[in-house]
Amino acid sequence: MRPPLEIVAVTGSTNADLREREHAPHGTALLADRQTAGKGRLGRVWESPPGANIQLSVVLRPALPIARVPMLCLATAVAVAEVCGEIYRIKWPNDVLAPDGRKVAGILAEMETLGGEIDRVIMGVGINVAAAPPLPTAASLLEIDGLSRDRDELARELVGGILSGTSRVGADPESVLEDWRARSSTIGAAVRVGEVSGVATGIDAEGALWVLDDRGQRHRILAGDVEMIG
Ligand code: BT5
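Just so you know, these numbers come straight off a predicted model, no measurement behind them.

Student: What am I meant to see in the nonpolar core here?
Tutor: It is characteristic of soluble globular proteins that their nonpolar side chains tend to be buried jointly. Formed by 57 residues in total, the largest nonpolar core has its most connected members in I54, L56, V80, V96, I127 and L158. The element contributing the most residues to this core is helix α2 (residues 69–84), with 13 residues. Residues contacting V80, with those up to four places away along its chain left out, are V96, A105, I107, V125, I127 and L158. One finds L18, A24, L30 and V59 within the second-largest nonpolar core, a separate group that totals five residues.

Structure, rendered in structure tokens:
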């Protein structure tokens, strides 16, 4: 049985909270109405404006090698895009965007290891369900599609989707990649990642993005921020 979803009104960061609970079992999930110190990737900040938004973290304890962590993130991105709705797309590696390119959701995975294997991954997801911060690059689901959602219901659905999606990473990684590709706005698009610009041609089993540049050279990119230039 999966532990019930725990909901708190305000906290610093749900990821930080679950990291402190060293023995929390697989599937432990914490949802906050607001975060005062929400974390993005690479030291960036995740803003959670007041409103019925999702600030959620889930503890994963898969028996997988460390090289599979990017795949856990891809599987989570698919689960996030699925609860958001059909029109939302994933930008590599795991932003979820509205059709106009504004960001509606982000994912932060924090890992701890033990003897070369994953001990636990705290998978954090922020979704602007009904309110977005005042950034030109951000939007809420409500402002994009006009649908009002039951936030707690959506969060429970999301936890289920994350657990079932990430559980396929070990046994059937190809199906995770297929789902990710089907949801992605990056594959086939003209992109710039750091120094490299060209056409994104695919992702591989380690979650790396392949880009073909104008000179016909192929680049394998393991981390970075994709800018769409098409
Ligand atoms: C992410 O980082 O997109 C990961 C966000 C993860 C947030 C969740 S909430 C629950 C859990 N607990 C935490 O403390 N964090 C996780 P990144 O790709 O680095 O994007 C961050 C950038 O997105 C910022 O620098 C802003 O430009 C922008 N941003 C900040 N808040 C946003 C929001 N609510 N909606 C859209 N964009 C936002």
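Student: I keep staring at the pairing of strand β7 (residues 117–127) and nothing clicks. Help me out?
Tutor: Moving residue by residue along a regular strand, the side chains alternate between the two faces of the sheet. Taking burial as the measure, the eleven residues of β7 include nine buried ones, the bulk of the element. The pairing of strand β3 (residues 54–60) with β7 spans seven bridges and is classified as antiparallel. For V58, the partnering residue across the bridge sits in β7 and is M123. Where strand β6 (residues 103–114) meets β7, ten bridges bridge the pair, whose relative direction is antiparallel. Among the inter-strand pairings, I107 is bridged to a residue of β7, identified as V125. Linking β6 to β7, which pair antiparallel, is a turn of two residues; within it G115 sits at a positive phi near 55°.

Student: For this particular structure, what's the right way to read the layout of surface pockets?
Tutor: Gaps left between atoms show up when a probe the size of a water molecule is rolled over them. Of the pockets and cavities examined, the largest pocket occupies roughly 720 Å³. As for the largest pocket, its lining consists of 35 residues, of which V45, W46, D95, K103 and G106 are closest to the centre. Elements that contribute at least two residues to the lining of the largest pocket include exactly α1 (14–20), β3, β5 (95–97), β6, β7 and β12 (226–228). Take the lining of the largest pocket: its biggest share by element is four residues, from β6. Of the residues that constitute the lining of the largest pocket, the class distribution is twelve nonpolar, 14 polar and nine charged. A volume near 510 Å³ is recorded for the second largest pocket. Taken together, 23 residues form the lining of the second largest pocket, with P70, C73, P93, L222 and A223 sitting closest to its centre. Mapped by element, the contributors of at least two residues to the lining of the second largest pocket are α2 and β6. Its residues placed into classes, the lining of the second largest pocket shows 16 nonpolar, three polar and four charged.

Student: I would appreciate a short explanation of helix α4 (residues 151–171) in the present structure.
Tutor: For the α-helix, the turn length of 3.6 residues means that residues three or four positions removed from each other point alike. Taking 1.5 Å per residue as the helical rise, α4 with its 21 residues ought to reach 30 Å, and the 31 Å between its terminal C-alpha atoms agrees with that figure. Regarding α4, the residues found buried are R151, L154, A155, L158, V159, I162, L163, G165, T166 and V169. On its buried side, α4 packs onto β1 (6–11), β2 (29–35), β3, α2, β7 and α5 (173–183). The opening residue of α4, the one whose side-chain oxygen lies 3.1 Å from the backbone nitrogen of D152, is D150.

Student: Before we go on, may I ask you to explain the side chain of T11 in this structure?
Tutor: Relative to the elements of secondary structure, T11 occurs in strand β1. A polar contact is formed between the side chain of T11 and the side chain of D17, at a distance of 2.6 Å. For T11, the contacting residues outside a window of four places in its chain are D17, A32, R34, Q35 and T36.

Student: Help me out: how do you make sense of the pairing of strand β11 (residues 218–221) in this one?
Tutor: Note: strand β10 (residues 209–213) against β11, four bridges, orientation antiparallel. When the bridges of β11 are listed, W210 appears paired with R220. Counting the residues between successive antiparallel strands, the hairpin from β10 to β11 contains four residues, one of them, G216, with a positive phi of roughly 80°.

Analysis parameters
Residues numbered from 1 in each chain as written. Predicted model: local features only at pLDDT ≥ 70, side-chain atom pairs only at ≥ 80, totals over all residues. Heavy atoms only, no water. Core = buried A, V, L, I, M, F, W, Y, C linked by side-chain atoms within 4.5 Å. Buried < 20%, exposed > 50% of the residue type's maximum accessible area, 1.4 Å probe, protein only. Helix = DSSP H or I, 4+ residues; strand = E, 2+ residues; numbered from the N terminus. Contact = heavy atoms within 4.5 Å. Pairing = 2+ DSSP bridges. 1 Å grid on protein atoms, 1.4 Å probe; cavity = no way out; pocket = protein on both sides within 12 Å on 5 of 7 lines; lining within 4 Å. Points joined across faces, edges and corners; volume = space filled by probe spheres on them. Nonpolar A, V, L, I, M, F, W, Y, C, P; charged D, E, K, R; others polar. Expected span 1.5 Å × (residues − 1). Polar contact = N/O pair within 3.5 Å; in protein donor to acceptor, adjacent residues only side chain to side chain.

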